[in-house]
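# Close look at the chain arrangement
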Amino acid sequence: MTTTTTGAEVELAIGGMTCASCAARIEKKLNRMDGVTATVNYATEKAKVAYDGDVSVQDLIATVEKTGYTAREPEPVRSEPEGDDETARADDELRPLRERLITAVVLAVPVVAMAMIPALQFEYWQWLSLTLAAPVVTYAAWPFHKAAFTNARHGAATMDTLISVGTSAAFLWSLWALFLGTAGTPGMTHPFELTIARGDGAGNIYLEAAAGVTAFILAGRYFEARSKRKAGAALKALLELGAKDVTLLRPDGREQTVPIAELKVGDRFLVRPGEKIATDGTVVEGSSAVDASMLTGESVPVEVSTGDPVTGATINAGGRLVVEATRVGADTQLARMARLVEDAQNGKAAAQRLADRISAVFVPVVIALALGTLGFWLGNGSGLTAAFTAAVAVLIIACPCALGLATPTALMVGTGRGAQLGILIKGPEVLESTRKVDTIVLDKTGTVTTGRMTLLAVHTADSTDEAEVLRLAGALEHSSEHPIARAVADGALGKLGSLPTPEDFANVPGLGVQGIVDGHAVLVGRERLLAEWAMELPEHLTRAKAEAETAGRTAIAVAWDGEARAVLEIADAVKETSAEAITRLRALGLTPILLTGDNRAVAESVAREVGIAPEDVIAEVLPQDKVDVVKRLQDEGRSVAMVGDGVNDAAALAQADLGLAMGTGTDAAIEAGDLTLVRGDLRAAADAIRLARRTLGTIRSNLFWAFAYNVAALPLAAAGLLNPMIAGAAMAFSSVFVVGNSLRLRSFRTAN
């Protein structure tokens, strides 16, 4: 257990929160403690607490528990994946809610049907309704009743209070009407009498309201909980990127494959071509090109040799390496990035749910109105039954059935339409962010560009044929595993269709390749490789090479038969749709900023091509710097969206007000993002923001009408003029309106 320390920090896992106002209440209680500063995130169910003085972690936990919730210290970020344990634990936590939802739906449907369809009202239908509704209002609705009790103890009111009071009032009044009134009489029916008239309520039951509202709102809670359980998936996806096993080199020269957890600092391990580097370390033998783009965003593979540092989870693209481990477990760069993602998720302000904000005012007003109605009719000499009928009618009509549909239906239709268009929206909190964003930060590699090296241009010497250059250079590079070599080979194959097989091939570490192709002695690589064979590039090829490098491209030389023949330009190509996407994002009122780990020349070249100003380019940044860039923009008062696809973007995606992950990228980025763009087309980012804003607008209008119908009926209920069919019709009409309004989202189209 963490001990008391001046200026210490702790992260607590909070249990029992049902809405954003629960998080606010815990935060307020913690911040009232001397020397404590706390932020509580409803979405991730965690509290980040800084404390000093005489406060201990046990004191913090005790304060949370006194507030009516649970708290514990979460397990630290692990250096290896936990397998399926975390998934099983999340399923266990969701199971009770799923069981309550199934119970509510199965039992509530016939109750609602019998109440609304007179043809189904047989002689003792009301007693069957009671039998079916009782488990819904007691067992299925228990989380609402429990939360309402907790809220009441602390003088607060939320959506849970409204649901609990409304469903309890409807159920208890129905019990009174059945056992003590006239509603239990055989043959009692609820006829369609859409008239406003006074009545004592002794013959009315409201079981369908109690059961229906419970089922609807449980459905919304279940789907929200499922989405919330994925908050930690970004960490799991990050840790999954690491190698699972490692080939150790024992002092006696033996090779032994062991689980990564057994690796220790100082151990030497073997990394073959194509394998992941097991952990952070230093190369002690061999040379190769390492593809670190997943972690650093650098599109060009990094050449490493003896003495150079390498990072765990990067890929050995070339030769055999022997590495000595310098950091293992939770100290590796991968584990540190996982902590960055977690910190960013916990630091993001939880979006307050609109229903809870409205309920905080609406619930006390309704309860006061119900009590006022009861007092007025009692004081007016109308009798106890009539007074209670009017008061309970106020509570029943104030529990809006449509409110349970307002968010889930719009989300269901909006997310369904988004899925058809290749846009995945994670939950309601995401939508509020889309309304406010004014700046969009774009990762370069894999987002604006294709993320793979491509042959862009061929510059030839006088009297040299381009096809011959591609044929000879492509044939030689086809035998290499280096990513730049693959770009040359793929480019040559794309234009020629087939390539000859080299008669001889040799890799020259750090310089290039050489060999015999169709009787020609061919060299492909750096200019230094040609110099070793006493060959120089002609002046115009030297100039082409310099211009390519100024533009941030990789230039390689080609020579055969003792003469320099060509310069090839290799770069990470810009996607064809990126420039159009930037135009669309600007039309939505967003300022695009290009962010990359690549060098500035490369970044500015890409920015010019897609229409981003040089002052909006931020280059040569490490993963932790990406988070800092997003924070700096937020500190300037901007609301920031971030689009990325790599592991190095995961923490920044989580920190941003709105994270958009390219679906063609890594699992870590996708899990850390709020929206996933399945198509891998940057134009989808503009479509995603438009769809999310449209869905949010639909939810807002749904919430307005869900309350408006009920608020309009409140005066009738208070006047004692509301009969069951008026209440049922108002509730049904508001629900139909909300569903119809949500279905309009199916007409959403992408911009042409």
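Residues numbered from 1 in each chain as written. Predicted model: local features only at pLDDT ≥ 70, side-chain atom pairs only at ≥ 80, totals over all residues. Heavy atoms only, no water.

Moving on, we come to the overall build of the chain. Each helix and strand in the chain was counted, giving 26 helices and 26 strands. Within the span of the chain, comprising 752 residues, buried residues form 52% of the whole. Considering only intrachain contacts with a sequence separation of at least 6, the fraction spanning at least 24 residues in the chain is 71%. (Helix = DSSP H or I, 4+ residues; strand = E, 2+ residues; numbered from the N terminus. Buried < 20%, exposed > 50% of the residue type's maximum accessible area, 1.4 Å probe, protein only. Contact = heavy atoms within 4.5 Å.)

What follows deals with the packing of aromatic side chains. Inspection of the entire model under this criterion finds 3 aromatic pairs. Taking the centre distance of 5.3 Å and the plane angle of 75° together, the rings of Trp127 and Phe179 count as edge-to-face. Highlighted residues: Trp127 in helix H4 (residues 125–140) and Phe179 in helix H6 (residues 159–179), separated in sequence by 52 residues. Residue classification places Trp127 among the partly exposed residues on the basis of a relative accessible area of 26%. Residue classification places Phe179 among the exposed residues on the basis of a relative accessible area of 54%. (Phe/Tyr/Trp six-rings, centres within 6.5 Å; stacked < 30°, edge-to-face > 60°.)

Taken as a whole, this structure holds 23 salt bridges when the rule is applied. Note that Asp572 is salt-bridged to Lys444, the shortest N-O span being 3.7 Å. Of this pair, Asp572 sits in strand E21 (residues 563–574) while Lys444 sits in helix H15 (residues 444–448); the two residues are 128 residues apart in sequence, bridging distant segments of the chain. For Lys444, a relative accessible area of 0% translates into the label buried. Between Glu466 and Lys495 there is a salt bridge whose closest N-O contact spans 3.3 Å. Separated by 29 residues along the polypeptide, Glu466 in helix H16 (residues 466–477) and Lys495 in helix H17 (residues 483–496) bring together distant segments of the chain. One salt-bridge network, held together by shared partners, links Glu580, Arg584, Asp681 and Arg683. (Salt bridge = Lys/Arg side-chain N within 4 Å of Asp/Glu carboxyl O.)

It is worth spelling out the packing of helix H20 (residues 578–587) against helix H25 (residues 683–718) at this point. Taken N-terminus to C-terminus, the directions of H20 and H25 make an angle of 25°; their axes are 7 Å apart at the nearest point. One finds that H20 runs roughly parallel with respect to H25. Here H20 and H25 pass one another in a crossing that is left-handed. Facing H20, whose interface residues are Glu580, Ala581, Arg584 and Leu585, H25 presents Arg683, Ala685, Ala686, Asp687 and Ile689. (Axes fitted to C-alpha atoms, helices over the stretch in contact; angles between N-to-C directions. Parallel < 35°, antiparallel > 145°, perpendicular 65-115°, else oblique. Left-handed = near helix turned anticlockwise from the far one by under 90°.)

Let us look at the UniProt feature "transmembrane region" (unreviewed entry) in the chain. Taking the numbering used here, the UniProt-annotated feature "transmembrane region" (unreviewed entry) corresponds to residues 101–118, 124–142, 162–185, 205–223, 358–378, 384–407, 703–719 and 725–743. In the segment residues 101–118, helix accounts for 89% and strand for 0%; the C-alpha atoms at its two ends are 27 Å apart. Taken end to end, residues 703–719 is 94% helix and 0% strand, and its two terminal C-alpha atoms sit 25 Å from one another. (UniProt positions renumbered as here; feature names shortened; annotations may be inferred.)

In this model, H4 (16 residues) spans 22 Å end to end at C-alpha, consistent with the 22 Å of a helix rising 1.5 Å per residue. Of all bends in H4, the biggest is about 30°, found at Ala133, and the proline Pro135 comes one to four residues later. (Expected span 1.5 Å × (residues − 1). Bend = angle between axes of the 7 residues up to and from the residue.)

A separate point is the sheet that holds strand E15 (residues 439–443). Taken in spatial order, the 7 strands of this open sheet run E14-E26-E25-E24-E15-E22-E23, and their pairing is mixed. Strands with a single pairing partner mark the edges of an open sheet, and in this sheet they are strand E14 (423–425) and strand E23 (617–618). Summarising the sheet, strand E24 (residues 640–644) and strand E25 (residues 658–662) pair through 4 bridges and their orientation is parallel. If you follow Val643 over to E25, its bridge partner there is Leu660. (Pairing = 2+ DSSP bridges.)

Attention now goes to the environment of Glu466. Given the relative accessible area of 32%, Glu466 is considered partly exposed. In this structure, the C-alpha to C-alpha distance between Glu466 and Ala566, residues 100 residues apart in sequence, is 8.4 Å. Beyond its immediate chain neighbours, meaning those up to four positions away, Glu466 contacts Val458, Thr460 and Lys495. For Glu466, the side chain forms a polar contact with the side chain of Lys495, separated by 3.3 Å. (Polar contact = N/O pair within 3.5 Å; in protein donor to acceptor, adjacent residues only side chain to side chain.)

This part takes up the sheet that holds strand E3 (residues 46–51). Taken in spatial order, the 4 strands of this open sheet run E2-E3-E1-E4, and their pairing is antiparallel. In this open sheet, the two edge strands, each paired with only one partner strand, are strand E2 (36–41) and strand E4 (70–72). Within the sheet, the average angular offset between the axes of one strand and its neighbour, ignoring direction, is 25°. Bridging between E2 and E3 involves 6 bridges; their strand directions are antiparallel. Across the sheet, Ala38 pairs through a bridge with Val49, a residue of E3.

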